[in-house]
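Breakdown of the fold
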Amino acid sequence: MAPVLDCGPLMAARILDGKSLAAQVRSALKKEVEALSQRGIRPGLAVILAGDNPASRVYVRNKVRACEETGVRSDLYELPATVSEAALLDRVLALNDDSAVHGILVQLPLPKQIDPHRVLETIAPAKDVDGFHEANLGALVAGEPRMVACTPAGVMRLLEHAGVALGGAHAVVIGRSNIVGKPLALLLLQKDATVTICHSKSGGLGALARSADVLVAAVGRPKLVTGDMVKPGACVIDVGVNRLSDGSLCGDVDFAAAAAVAGSITPVPGGVGPMTIAMLLENCVRAARAMR
Ligand code: GUN
């Protein structure tokens, strides 16, 4: 039974608990890592952090910690904000050739002198545990997913676990990034949802959102989705992680207002975020298995 957060008398929605599902995924992965390690294969993830973006530092710390807890080896390469593109590319090329490294993650954003596209395209597709390489994005478009971006994969796992019906449902994705919105739209389409992608230039956002059976917010704007934008009984997925001036975390959805109307909803924190890391570990273990 899914837990119900105490948000006052209006609260009706079922909470989609990503923290607990991610813990289940991680515990299964830990056993698999142990089994692989006994056969002489220790999954290994290389993480490159260039510059000193404070949010990136926190994300990377959480990823490295999750690796440690699961038994995945992690090597963190911290490069100065002044690092040249050539030096970063050399590092990626060396990791491509290192057989003990199964996954390579370059944390974004990168310092401004570096072209992120060139860096991401240099990662060997088989080691691209973020699923950002064009070969992996193309495979997804072709309906033959290989490495799938971690946040969209985590959202799909949450929906599947919660038994949310997608066939014929109207899924509205607010946000068109290469990291979340576009790949998630393709994954929802593959499950036979009718998908609408909205973005900052979309007119009539409120009406579009209100027509959604599954509403995903992935734009990075606190409380963009208000209660009146949610169809009664809809499933609301909040991918946003926004830090407010008082230091607290807030999603792209006005949680209390949306939870009063929705059928199910992800909290922030504790919804999509933990699933992203669980999917990263899963991609890494899968890469190790495939490279044996
Ligand atoms: N920056 C924000 N999200 C991500 C992510 O999922 N992967 C990487 N590499 N960088 C990010």
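Provided above is the structure to which this section pertains.
So, here is what we can say about the structure in this document.

1. A word on helix H10 (residues 272-291)
- Taking 1.5 Å as the rise per residue, H10 with 20 residues should run 28 Å; its terminal C-alpha atoms sit 29 Å apart, in good agreement.
- Most of H10 is tucked away: 14 of the 20 residues are buried.

2. Looking at the site of the ligand
- Within the structure, the ligand sits among Lys-63, Leu-105, Val-106, Gln-107, Leu-108, Asp-130 and Phe-132.
- Within the side chain of Gln-107, a nitrogen or oxygen atom sits 3.2 Å from a nitrogen atom of the ligand.
- A distance of 2.6 Å separates a nitrogen atom of the ligand from a polar atom in the side chain of Asp-130.
- Protein burial of the ligand: of its 280 Å² of free accessible surface, 81% is covered by the chains.
- Here the shell around the ligand is built from residues that sort into four nonpolar, one polar and two charged.

3. Remarks on the environment of Glu-134
- Summarising the element assignment, Glu-134 is placed in helix H5 (residues 134-141).
- Overall, the relative accessible area of 44% leaves Glu-134 in the partly exposed class.
- Between the C-alpha atom of Glu-134 and that of Leu-120, which follows or precedes it by 14 residues, the distance is 8.6 Å.
- Ignoring any residue separated from it by four or fewer positions in sequence, one finds Glu-134 in contact with His-117 and Glu-121.

4. So, unusual backbone geometry
- Residues Leu-108 and Pro-109 are joined by a peptide bond in cis, for which omega reads 0°.
- In this fold, Pro-109 is placed in the loop between strand S4 (103-106) and helix H4 (116-122).
- Omega for the peptide link from Val-268 to Pro-269 comes to 0°, which places this bond in the cis form.
- Among the structural elements, Pro-269 can be located in the loop between strand S11 (264-265) and H10.

5. A short note on the pairing of strand S6 (residues 194-198)
- The pairing of strand S5 (residues 170-174) with S6 spans five bridges and is classified as parallel. Looking at the pairing, Val-172 lines up with Thr-196 of S6.
- As a crossover connection, the stretch from S5 through helix H7 (residues 181-190) into S6 is right-handed.

6. Quick notes on the sheet that holds strand S2 (residues 44-50)
- Here we have three strands laid out as an open sheet, ordered S3-S2-S4, and parallel in their pairing. At either margin of the open sheet sits one strand with a lone partner, and together these are strand S3 (73-79) and S4. Ignoring which end each strand starts from, the neighbouring axes of this sheet average 15° apart.
- Pairing of S2 with S4 involves four bridges; the strand directions are parallel. Bridge pairing in S4 links Ile-48 to Val-106.

7. Concerning the sheet that holds strand S7 (residues 214-217)
- Strand order in the open sheet made by the six strands is S1-S11-S8-S7-S5-S6, with parallel pairing throughout. The open sheet is flanked by strand S1 (14-15) and S6, the only strands paired with a single partner.
- By the bridge criterion, four bridges tie S7 to strand S8 (residues 235-238) in an arrangement that is parallel. Considered in S8, the bridge of Ala-217 is made with Asp-238.

8. What to know about the nonpolar core
- Leu-45, Val-72, Leu-159, Leu-188, Val-214, Ile-237 and Val-239 are the most contacted members of the largest nonpolar core, which has 54 residues in total.
- Residue contacts for Val-214: discarding those within four places in its chain leaves Leu-159, Val-164, Leu-166, His-170, Ala-171, Val-172 and Cys-235.
- The next biggest cluster of nonpolar side chains, apart from the first, holds 22 residues, and it includes Met-11, Ala-217, Val-236 and Val-253.

9. Concerning the layout of surface pockets
- Taken as a whole, the second largest pocket spans an internal volume of roughly 350 Å³.
- Ala-153, Met-156, Arg-157, Glu-160 and Leu-187 are, among the 15 residues lining the second largest pocket, the residues nearest its centre.
- When residues of the lining of the second largest pocket are traced back to their parent elements, those giving at least two are helix H6 (150-162), H7 and H10.
- The residue makeup of the lining of the second largest pocket, split by class, is seven nonpolar, two polar and six charged.

10. Here's the deal with the packing of helix H1 (residues 18-38) against H6
- Between H1 and H6, whose axes approach to 11 Å, the crossing angle comes to 100°. As far as their axial angle goes, H6 and H1 are roughly perpendicular. Facing H1, whose interface residues are Gly-18, Leu-21, Gln-24 and Val-25, H6 presents Arg-157, Leu-158 and His-161.
- Grouping the constituent residues of the contact of H1 with H6 by class yields three nonpolar, three polar and one charged.

The rules we used
Residues numbered from 1 in each chain as written. Predicted model: local features only at pLDDT ≥ 70, side-chain atom pairs only at ≥ 80, totals over all residues. Heavy atoms only, no water. Helix = DSSP H or I, 4+ residues; strand = E, 2+ residues; numbered from the N terminus. Expected span 1.5 Å × (residues − 1). Buried < 20%, exposed > 50% of the residue type's maximum accessible area, 1.4 Å probe, protein only. Near = heavy atom within 4 Å. Polar contact = N/O pair within 3.5 Å; in protein donor to acceptor, adjacent residues only side chain to side chain. Areas by Shrake-Rupley, 256 points an atom, 1.4 Å probe, with all protein chains shown as cover. Nonpolar A, V, L, I, M, F, W, Y, C, P; charged D, E, K, R; others polar. Contact = heavy atoms within 4.5 Å. Pairing = 2+ DSSP bridges. Right-handed = clockwise from strand over helix to strand, strands pointing away. Axes fitted to C-alpha atoms, helices over the stretch in contact; angles between N-to-C directions. Core = buried A, V, L, I, M, F, W, Y, C linked by side-chain atoms within 4.5 Å. 1 Å grid on protein atoms, 1.4 Å probe; cavity = no way out; pocket = protein on both sides within 12 Å on 5 of 7 lines; lining within 4 Å. Points joined across faces, edges and corners; volume = space filled by probe spheres on them. Parallel < 35°, antiparallel > 145°, perpendicular 65-115°, else oblique.

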